[in-house]
Amino acid sequence: MAHVFMEDLIDQQQWLEPTGDALQQAIGKVVPREGPVRRIKDFLHGTWLGHPLHPALTDVPTGAWTASFILDIASLGGNTPLRRGADFTLKLGVVGAIGSALSGLADWQETYGRERRVGLLHALLNSTALTFYTASWLLRKSKRRGTAVFFSTLGYGTVVIAAYIGGELVFGQGVGVNHAAWLQGSEEFTTVLDESALQPEQPRRVMVGDTPVVLVKQHGKIYALTAVCTHAGGPLDEGTLEDGTIVCPWHGSRFCLKDGSVQGGPATFAERPFEVRIRNGKIELRRSEVHV
């Protein structure tokens, strides 16, 4: 019931669509997808980690603020060490929230439609929580502890709601998951195409069982990768070739033709490569057991 209620509530917020569109355009002008800032964006996406960075960073503020909430309750009788612990973990959460927000913003920039609206609401709630916690931090410094605890409690409640919506983004909308995780391909060599039908430098989509695969002939060698972009499910066979990589047409993720490794975000998960052999003028494929 909570899931249905939350979906209906989000869909009723019509202002999210134009706000998200305007914000994405503004961010795109300041931080373009291409250029020197790409490495920074790839770092924030988690390309270097092989896993989205944002969910890992969110554990810092969520965990720290949970500890602060518990310590605040435990120190209501005036226990000084517990109060110091609550103050420290609150500050740790504020610092962690900044890093989490930057990585989340980088990921949100590559979303569209409903997932963009849900992501914007998630971000706004987290920003509100951060404001509450920052106010609580300042109030604690001025010895107004009662009011400070009130604001941090408001912040924690807001964080819980934002975390629920974050779960909807991942498990309901599929943001940040590997969209090719269930595409395995056959363990046996499967005939997919006449070798003469594959033109150099022209990606070609074929099927290995139920798995779509993109074939690329380059410099006399044939490469094969799963044809579904791990980032958002884009068709790699409609992408372009650049310096030994294939570039997704949707968000610009780059994958090495040789082994499927990620050479540029926003993707963080590698593509599965396939072994290629030629028999009697036919291209045969089977999934590779070497998966980056």
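What counts and how
- Residues numbered from 1 in each chain as written.
- Predicted model: local features only at pLDDT ≥ 70, side-chain atom pairs only at ≥ 80, totals over all residues.
- Heavy atoms only, no water.
- Axes fitted to C-alpha atoms, helices over the stretch in contact; angles between N-to-C directions.
- Helix = DSSP H or I, 4+ residues; strand = E, 2+ residues; numbered from the N terminus.
- Parallel < 35°, antiparallel > 145°, perpendicular 65-115°, else oblique.
- Left-handed = near helix turned anticlockwise from the far one by under 90°.
- Nonpolar A, V, L, I, M, F, W, Y, C, P; charged D, E, K, R; others polar.
- Buried < 20%, exposed > 50% of the residue type's maximum accessible area, 1.4 Å probe, protein only.
- Pairing = 2+ DSSP bridges.
- Expected span 1.5 Å × (residues − 1).
- Contact = heavy atoms within 4.5 Å.
- Core = buried A, V, L, I, M, F, W, Y, C linked by side-chain atoms within 4.5 Å.
- Phe/Tyr/Trp six-rings, centres within 6.5 Å; stacked < 30°, edge-to-face > 60°.

Trainee: Explanation requested: the packing of helix 4 (residues 53-74) against helix 5 (residues 80-108) in the structure shown.
Mentor: Helix-helix packing: each pair is described by the crossing angle between the helix axes and the interaxial distance. Interaxial distance between helix 4 and helix 5 falls to 7 Å at its minimum, and their mutual angle equals 160 degrees. Looking at the two axes, helix 4 sits roughly antiparallel to helix 5. Pair helix 4 / helix 5 crosses with left-handed handedness. Looking at the contact of helix 4 with helix 5 residue by residue, the classes come out as 15 nonpolar, eleven polar and two charged.

Trainee: Just checking my understanding: could you explain the pairing of strand 3 (residues 211-218) for this structure?
Mentor: Judged by how many residues are buried, strand 3 sits mostly within the fold: eight of eight residues are covered. Of the two faces of strand 3, the one holding T211, V213, L215 and K217 and the one holding P212, V214, V216 and Q218 are both buried throughout. Connecting strand 2 (residues 204-208) to the antiparallel partner strand 3 that follows it, the hairpin turn spans two residues, and G209 within it adopts a positive phi of roughly 70 degrees. The pairing of strand 3 with strand 4 (residues 221-226) spans six bridges and is antiparallel. What sits directly across from V214, in strand 4, is L225. Connecting strand 3 to the next strand, strand 4, in antiparallel fashion are two residues, including H219 with a positive phi near 55 degrees.

Trainee: Sorry, what's going on with helix 6 (residues 113-141) here?
Mentor: An α-helix turns once per 3.6 residues; consequently, residues spaced three or four apart project the same way. Helix length check: helix 6, at 29 residues, gives a terminal C-alpha distance of 43 Å against a target of 42 Å (1.5 Å per residue), a fit within 8%. One or two positions beyond helix 6, positive phi appears at K143, with a value near 70 degrees.

Trainee: I'm lost on the packing of helix 4 against helix 6 in this one. Help?
Mentor: Running from N to C, helix 4 and helix 6 cross one another at 40 degrees; their axes reach a closest spacing of 13 Å. Compared by their axis directions, helix 4 and helix 6 come out oblique. Where helix 4 crosses over helix 6, the two elements pack in a sense that is left-handed. Every residue of helix 6 that contacts helix 4 at H54, W65, S68 and D72 is listed here: H122, L130, Y133 and R140.

Trainee: Please clarify how the nonpolar core should be interpreted in this entry.
Mentor: One recurring pattern in soluble globular proteins: nonpolar side chains tend to sit buried together. Ranked by internal contacts, the top residues of the largest apolar core, which has 13 residues, are V214, L236, I246 and F255. Elements represented by at least two residues in this core include exactly strand 3 and strand 4. L198, V206, F274 and I283 belong to the second largest nonpolar core, which has twelve residues in total.

Trainee: Looking at this structure, how should I read the sheet that holds strand 8 (residues 262-264)?
Mentor: Within a sheet, each strand pairs with its neighbour through backbone hydrogen bonds, oriented either parallel or antiparallel. What the four strands build is an open sheet, ordered 5-6-7-8; its pairing is antiparallel. Looking at strand neighbours, the two that pair on one side only are strand 5 (240-242) and strand 8, the edges of this open sheet. Within this sheet the neighbouring strands show an average axis-to-axis angle of 35 degrees, counted without direction. With three bridges joining them, strand 6 (residues 245-247) and strand 7 (residues 254-256) adopt antiparallel strand pairing. Following the sheet pairing, T245 is matched in strand 7 by C256.

Trainee: Any chance you could explain the packing of aromatic side chains here in plain terms?
Mentor: Within a pair of aromatic rings, the relevant descriptors are the distance that separates the centres and the angle that separates the planes. For the coordinates displayed, the defined rule picks out five aromatic pairs. Relative to Y156, the ring of F69 has its centre 4.9 Å away and its plane inclined at 10 degrees; by these criteria the two rings are stacked. Remark: Y156 occurs in helix 7 (residues 145-172) and F69 occurs in helix 4; sequence separation between them is 87 residues. We classify F69 as partly exposed; its relative accessible area is 29%. With a relative accessible area of 18%, Y156 lands in the buried category. Geometrically, the ring pair formed by F150 and F151 is edge-to-face, given 5.8 Å between the ring centres and 80 degrees between the ring planes. The class for F151 is partly exposed, based on a relative accessible area of 25%. Counting every residue linked through ring pairs, the aromatic cluster contains F132, F150 and F151.

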